[in-house]
Amino acid sequence: MKTKKNNTMKLLAAVLTVCMLFALLVSCASDQGKPQETTAADAEQTTAVSTTDKGDESTSADTETADTTDTDSTTSAEETTSAEETTASADLGLDVKIMVLNGTTGFGMAKLMDENTKKNTLLNYSFSVESDASNVSAALISGNVDIAALPTNAAATVYAKTKGGVQILAANTLGVLYIVTNGDQGISSLADLNGKTVYCPAQNPTFIMKYLFAKNGLDVTIDNTYAQPADLRTAVTAGKVDIAILPEPMVTIAMSQNKDLKKVVDVTAEWNRVSEKDSLVQGCIVVRTEFANQHPDAVSMFLDEYSASVSYVRENPESAGEMIAANGIFAQAAVAAKAIPNCNICFMEGEAMKTAVSKYMSALFEIAPASVGGAVPGDDFYYARKK
């Protein structure tokens, strides 16, 4: 009995020991689980924080990118403006060589030449005056001059010879031709010249008159014995010629020296009857294409100053006459002043200039192709200011 009781006590002790061990194991397992849950939560929080940080970083990066883009754009615009200002400012005071043909083609330049001697111009101009258009053309071809005033058909010829080496900046003289008679020759219109002989300077005036006679169906003999306007004026004044085509200011000079002379026909008015009005563009300003491409701002400055000069000459003939004589464009100030209102001096640029000159080029090509270099100039003959 005693043995059975002892066995029972041992069994209870063993069970109790097992239970205590199990409780200890459960407790340990529970303690180990809590840190793992905390770790998972921490991991979630860490992940959330990390994601937020990344979002903030992305937003920050985007903001920085946007800021950088805006800054780059602003910088680019500022650099462009700065470059334009630098170019314009670099052209201020630029040395520019200009050659002027004497007579009406050069009249409009008088005020600018006067201002240049006073150092009141944006550019540093160097002027020279020529009496022969071929010398002006040669200077353009050789590159010894940057800008020049010369007959429009001569400009077209230089354009052809240089393969686009010059461009017209502006038309500066419309029609300046008149028919003058010594005494009463019974002529009051172009039609009255039919069957007669008229004396006319060579080149441009002759081409113009041939065109008009052809358009009016007239048979008129043109005599170029006195090829230069000054020589023809002398002959008319001396009474050696009865009917002549003369340009201003030669008309004014001749009539002041011979009271029997009469101005009977305005050639410009006759031109406007058979062609587009104001397309008789006898004089112009040209620029070497290379110079225009290299210095567009200087060209624009010149055009502004030249336009102002033309306006002054037109509005102030008396003082302009003095400037014309002082700068060697024409010898007699009083005669120049009296002739200015009849010289059709103008300033025409851009599309208006292109329309007028192209009509004139087509007319001359029709009657004498060689007079415009053998072909009507292309669109690149006409300069347009850079915008």
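Details of the structure are given in the entry above.
The structure displayed is predicted, hence computed values, not measured ones. (Residues numbered from 1 in each chain as written. Predicted model: local features only at pLDDT ≥ 70, side-chain atom pairs only at ≥ 80, totals over all residues. Heavy atoms only, no water.)

1. A word on the packing of aromatic side chains
Then comes step 1: Enumeration according to the criterion identifies 10 aromatic pairs in this entry.
Then comes step 2: Judged by centre distance (6.2 Å) and plane angle (70°), the ring pair of Y125 and F302 falls under edge-to-face. In this pair, Y125 is assigned in strand β2 (residues 124-130) and F302 in helix α11 (residues 296-315), connecting sequence segments 177 residues apart.
Then comes step 3: Here Y125 falls in the buried class, since its relative accessible area comes to 4%.
Then comes step 4: Note on F302: relative accessible area 0%, which makes it buried.
Then comes step 5: Taking the centre distance of 5.8 Å and the plane angle of 65° together, the rings of W271 and Y360 count as edge-to-face. (Phe/Tyr/Trp six-rings, centres within 6.5 Å; stacked < 30°, edge-to-face > 60°. Helix = DSSP H or I, 4+ residues; strand = E, 2+ residues; numbered from the N terminus. Buried < 20%, exposed > 50% of the residue type's maximum accessible area, 1.4 Å probe, protein only.)

2. Considering the layout of surface pockets
Then comes step 1: Estimates place the volume of the largest pocket at around 990 Å³.
Then comes step 2: Broken down by secondary-structure element, the contributors of at least two residues to the lining of the largest pocket are α2 (104-107), α4 (133-142), α5 (152-161), α6 (204-215) and α7 (229-237).
Then comes step 3: Ranked by the residues each element gives to the lining of the largest pocket, the list is headed by α5, at 5 residues.
Then comes step 4: Residue composition of the lining of the largest pocket, grouped by class: 22 nonpolar, 17 polar and 3 charged. (1 Å grid on protein atoms, 1.4 Å probe; cavity = no way out; pocket = protein on both sides within 12 Å on 5 of 7 lines; lining within 4 Å. Points joined across faces, edges and corners; volume = space filled by probe spheres on them. Nonpolar A, V, L, I, M, F, W, Y, C, P; charged D, E, K, R; others polar.)

3. A few points about the pattern of salt bridges
Then comes step 1: Counting across every chain of the model gives 11 salt bridges.
Then comes step 2: Residue E366 is joined to K215 by a salt bridge in which the shortest nitrogen-to-oxygen separation is 3.5 Å. Within this pair, whereas E366 is found in helix α14 (residues 350-367), its partner K215 is found in helix α6, the two being separated by 151 residues in sequence.
Then comes step 3: Classification of K215 as partly exposed rests on a relative accessible area of 41%.
Then comes step 4: With a closest N to O distance of 2.8 Å, R273 and E270 form a salt bridge. Of this pair, R273 and E270 are both found in helix α9 (residues 267-274), 3 residues apart, which corresponds to roughly one turn of the helix. (Salt bridge = Lys/Arg side-chain N within 4 Å of Asp/Glu carboxyl O.)

By themselves, these observations are geometric and do not establish any function.
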